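# Understanding the architecture of this molecule
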Amino acid sequence: MQPATTPSNRPVSDTEPCSGVRKPSSREIIRKIVDALNDIAGVETVFKNGAVHPGGPHYRLAGMSGPISIGEDECRALGALIDAFNPTNAFIIGNAFGLSGVFVAAMMQARRGQRTVTLDNQSEGEGQRIARIAEQLRERLGCDILINWKGSSPVDIPAAAENKLYDFIFIDGLHRHPQVTRDFFGILPIATPNAIVCWHDYWMTGIPKSVEEAQRAGFQCIKVNTSCEMVFGSRDEGVFNTICSLFENTEAPKRRLRPGAFLKLCCALTSAAVRKRIAAKPR
Ligand SMILES: C[S@@+](CC[C@H](N)C(=O)[O-])C[C@H]1O[C@@H](n2cnc3c(N)ncnc32)[C@H](O)[C@@H]1O
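Notes on the structure in this doc start here.

As a further point, take helix 4 (residues 127-140). Since there are 3.6 residues in each turn of an α-helix, residues three or four apart along the chain are aligned in direction. With 14 residues, helix 4 ought to run about 20 Å at 1.5 Å a step, and its terminal C-alpha atoms sit 20 Å apart, in line with that. The set of residues buried in helix 4 consists of Ile130, Ala131, Ile133, Ala134, Glu135, Leu137 and Arg138. Those residues of helix 4 that are buried are in contact with helix 1 (26-40), strand 3 (58-61), helix 3 (99-109), strand 5 (115-120) and strand 6 (146-150).

Let us now look at the site of the ligand. The full set close to the ligand counts 22 residues, and Gly94, Leu99, Ser100, Gly173 and Leu174 are the nearest of them. For the shell around the ligand, the elements supplying multiple residues, two or more each, are helix 3 and strand 5. The class makeup of the residues in the shell around the ligand is 7 nonpolar, 12 polar and 3 charged.

What follows deals with the nonpolar core. Grouped together as the largest cluster of nonpolar side chains are 82 residues, with contacts concentrated most on Phe103, Val104, Ile169, Ile196, Val197 and Cys198. Broken down by element, the residue count for this core peaks at 8 residues, all from helix 3. Residues contacting Ile169, with those up to four places away along its chain left out, are Phe91, Ile187, Ala191, Ala195, Val197 and Cys198.

Another point: the pairing of strand 6. Along strand 6, 5 of the 5 residues are buried, which leaves the element largely enclosed by surrounding structure. Of the two faces of strand 6, the one holding Leu146, Asn148 and Lys150 and the one holding Ile147 and Trp149 are both buried throughout. The pairing of strand 1 (residues 2-3) with strand 6 spans 2 bridges and is antiparallel. Of the residues in strand 6, the one forming a bridge with Gln2 is Lys150. Pairing of strand 5 with strand 6 involves 5 bridges; the strand directions are parallel. Along strand 6, the bridge assignment pairs Thr118 with Asn148. Running through helix 4, the crossover from strand 5 to the neighbouring parallel element strand 6 is right-handed.

Right, let's get into helix 2 (residues 72-85). If you check helix 2, its first and last C-alpha atoms are 20 Å apart, about what 14 residues at 1.5 Å a residue would give, namely 20 Å. Across the 14 residues that make up helix 2, a large majority, 10, are buried. Along helix 2, the residues classified as buried are Glu72, Asp73, Glu74, Cys75, Ala77, Leu78, Gly79, Leu81, Ile82 and Phe85. Those residues of helix 2 that are buried are in contact with helix 1, helix 3, strand 8 (191-199), strand 9 (220-224), strand 10 (230-234) and helix 8 (237-246). Asn86 sits one or two residues past helix 2 and shows a positive phi near 45°.

Side chains of strand 3 alternate between two faces, with His58 and Arg60 and Tyr59 and Leu61 buried alike. Here strand 2 (residues 43-46) pairs with strand 3 via 4 bridges, running antiparallel. Bridge pairing in strand 3 links Thr45 to Tyr59.

Two numbers describe a pair of packed helices, the interaxial angle and the distance between the axes. Relative to each other, helix 2 and helix 3 sit at 30°, their axes nearing to 10 Å. When the axis of helix 2 is compared with that of helix 3, the two are roughly parallel. For helix 2 against helix 3, the interelement crossing comes out right-handed. Taking contact as the criterion, the partners of Cys75, Leu78, Gly79 and Ile82 in helix 2 are, on helix 3, Phe103, Val104, Met107 and Met108.

The next point concerns the sheet that holds strand 4 (residues 89-93). In space, the 9 strands of this open sheet follow the order 1-6-5-4-7-8-10-9-11, with mixed pairing throughout. The strands lining the two open edges of the sheet, one partner per strand, are strand 1 and strand 11 (250-251). Note that strand 4 and strand 7 (residues 166-171) share 4 bridges and pair parallel. Paired with Ile92 across the bridge in strand 7 is Phe170. Along the sheet face, helix 4 touches strand 5 and strand 6 and points at about 170° away from the line of strand 6. Relative to the sheet, helix 7 (residues 206-216) contacts strand 8, strand 9 and strand 10, its axis offset from that of strand 8 by approximately 160°.

Rules of the game
Residues numbered from 1 in each chain as written. Predicted model: local features only at pLDDT ≥ 70, side-chain atom pairs only at ≥ 80, totals over all residues. Helix = DSSP H or I, 4+ residues; strand = E, 2+ residues; numbered from the N terminus. Expected span 1.5 Å × (residues − 1). Buried ≥ 20, exposed ≤ 12 C-beta atoms within 10 Å, placed from the backbone. Contact = placed C-beta atoms within 7 Å. Near = placed C-beta within 6 Å. Nonpolar A, V, L, I, M, F, W, Y, C, P; charged D, E, K, R; others polar. Core = buried A, V, L, I, M, F, W, Y, C linked by C-beta atoms within 7 Å. Pairing = 2+ DSSP bridges. Right-handed = clockwise from strand over helix to strand, strands pointing away. Axes fitted to C-alpha atoms, helices over the stretch in contact; angles between N-to-C directions. Parallel < 35°, antiparallel > 145°, perpendicular 65-115°, else oblique. Left-handed = near helix turned anticlockwise from the far one by under 90°.

In structure tokens, the structure reads:
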């Protein structure tokens, strides 16, 4: 396993959180990230008003069909958890061009966070180029606590975790079964007893099965009806009750077919592919 781009992205030591400085809000951090991404590579809006539920917008890099980031409303949901729990260490499976990783790191760095680790195998789209953009974004936002690793879940989780335990874990890699379940069992050994585990895209095929396994392993889970449906779980009853108190639009996780969202996703992917082919045609 190796750093996502150059060794320069290795933090020299754990970084102290900023003190005496006003903490930036979720919205401020999102704006900075989107502005920086626009400057670095250009971004396109996807699912402007949400995919499964009202929310969004999501983003992808200009001229690419994927990967697609979590929605702005979903960043705010993660931000609400970070505000409430002040996690120390976060681990993210699936970094893409860095939107969620930099968001989590910037939120945590302005609070009491010490480390955010992302793991991505660069398998989606123009993987290497996308990883370089994620690294530029990390540098632009000054996220010293963030380290982006190139590697595959679950095999590379132990090396990326560097003997630390994580109290905030976000699973957003490949969404197919059984990969999401493998991701869950991969993160269990590095999770603190009171860790919060977050899944993105509950509406997609592999996530409900992973959440069921988590419930069998003692996690209580709640689904928040964000744009693409996020599930948050914990083995700690107090943590779980606090999570439930933070969100309004919630329900117990229960798999439902979402043909409308599936259609929206297909349209978003094919329209980008068609535009790319037209642009590539010699005139
Ligand atoms: C939906 S994107 C992640 C989006 C990102 N969380 C965000 O919102 O900015 C999924 C990413 O998972 C990565 N991926 C797929 N399978 C993986 C695996 N087994 N291990 C690590 N990363 C994986 C892909 O390369 C892709 O970049």
